[in-house]
Amino acid sequence: MQETLASRRLRIARVVSVRVTDSRTVRRLNRQFRGEDSATDVLSFNTDFDGLRRPDGAAELGEIVIALPVAARGARDRGRTLAEELALLVVHGTLHLLGFDHEEPDEDARMKQLELVALRRSGMPHAART
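Here's what I pulled together on the structure shown here.

Reading the values: rules and limits
Residues numbered from 1 in each chain as written. Predicted model: local features only at pLDDT ≥ 70, side-chain atom pairs only at ≥ 80, totals over all residues. Heavy atoms only, no water. Pairing = 2+ DSSP bridges. Helix = DSSP H or I, 4+ residues; strand = E, 2+ residues; numbered from the N terminus. Axes fitted to C-alpha atoms, helices over the stretch in contact; angles between N-to-C directions. Contact = heavy atoms within 4.5 Å. Phe/Tyr/Trp six-rings, centres within 6.5 Å; stacked < 30°, edge-to-face > 60°. Buried < 20%, exposed > 50% of the residue type's maximum accessible area, 1.4 Å probe, protein only. Patch = residues over 30% accessible without salt bridge, like charges linked within 9 Å, V, L, I, M, F, W, Y side chains within 5 Å. Areas by Shrake-Rupley, 256 points an atom, 1.4 Å probe, with all protein chains shown as cover. Salt bridge = Lys/Arg side-chain N within 4 Å of Asp/Glu carboxyl O. Lys, Arg positive; Asp, Glu negative; His and termini not counted. Charge placed at Lys NZ, Arg CZ, Asp CG, Glu CD. Expected span 1.5 Å × (residues − 1).

Regarding the sheet that holds strand 3 (residues 59–67)
So, step 1. With respect to topology, three strands assemble into an open sheet ordered 1-3-2, the strand pairing being mixed. Sheet topology places strand 1 (14–21) and strand 2 (42–46) at the edges, where each strand pairs with a single neighbour. Mean inter-strand twist for the sheet, computed between neighbouring axes without regard to direction, equals 20 degrees.
So, step 2. Two elements, strand 1 and strand 3, share eight bridges in a ladder whose sense is parallel. Bridging from a neighbouring strand, Arg19 pairs with Val65 of strand 3.
So, step 3. Set on the sheet, helix 3 (residues 68–78) makes contact with strand 1 and strand 3; between it and strand 3 the angle comes to about 65 degrees.
So, step 4. Relative to the sheet, helix 4 (residues 82–97) contacts strand 1, strand 2 and strand 3, its axis offset from that of strand 3 by approximately 140 degrees.

Observations regarding the packing of aromatic side chains
So, step 1. All told, the structure shown has one aromatic pair when counted by the stated rule.
So, step 2. Geometrically, the ring pair formed by Phe33 and Phe45 is edge-to-face, given 5.2 Å between the ring centres and 70 degrees between the ring planes. Placement of the pair is Phe33 in helix 2 (residues 23–34) and Phe45 in strand 2, with a sequence separation of twelve residues.
So, step 3. Classification of Phe33 as exposed rests on a relative accessible area of 51%.

So, a negative patch on the surface
So, step 1. Together, Asp101, Glu103, Glu104, Asp106 and Glu107 give the surface a local cluster of negative charge.
So, step 2. Judged by its relative accessible area of 45%, Glu104 falls in the partly exposed class.

As for helix 4
The periodicity of an α-helix, 3.6 residues per turn, causes residues three or four positions apart to be oriented the same way.
So, step 1. For helix 4, which comprises 16 residues, the first-to-last C-alpha distance of 22 Å matches the rise-based estimate of 22 Å (1.5 Å per residue) to within 8%.
So, step 2. Most of helix 4 is tucked away, with twelve of its 16 residues classed as buried.
So, step 3. Those residues of helix 4 that sit buried are Glu84, Glu85, Ala87, Leu88, Leu89, Val90, Val91, His92, Gly93, Thr94, Leu95 and Leu97.

Observations concerning the environment of Gly99
So, step 1. Note on placement: Gly99 falls in the loop between helix 4 and helix 5 (105–121).
So, step 2. Measuring from C-alpha to C-alpha, the distance between Gly99 and Asn46 comes to 9.2 Å, with 53 residues separating the pair along the chain.

A closer look at the pattern of salt bridges
So, step 1. Applying the stated rule across the entire model yields six salt bridges.
So, step 2. Notably, a salt bridge pairs Asp37 with Arg27, separated by 2.9 Å at the nearest N-O pair. One end of the pair, Asp37, is in the loop between helix 2 and strand 2; the other, Arg27, is in helix 2, with ten residues separating them in the sequence.
So, step 3. A salt bridge links Arg78 to Glu85; the nearest nitrogen and oxygen atoms lie 2.6 Å apart.
So, step 4. For Arg78, a relative accessible area of 46% puts it in the partly exposed group.
So, step 5. Its relative accessible area of 1% is what places Glu85 among the buried residues.
So, step 6. The structure contains a network of salt bridges with shared partners spanning Arg27, Arg31 and Asp37.

This is the structure:
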């Protein structure tokens, strides 16, 4: 996550919370906020409000919520370690918090490239999506 944030050259420090939880919780959040009745691997919730700063001067960027069982299944399916899958999901979620998306092919390609750059800098290039 630090590499992802650093690559964006933000003018002020940002704080991201990461919650690792169960599939049921993620399914409920996905249904409530996205209208999708399924457990996904990662959700991102932006909490960056203009002018709202912590006492240390940092701004809250948002929260990343990861369904551990879904992440573990994804790691197995893709031949990755759980640590690699979690690293990818944190980078992916952070990019969403920074405003990136992957709905269109060109957006998806850009996100994959940014994920690869961040994961390379973190020493985990093999964790990137293909």
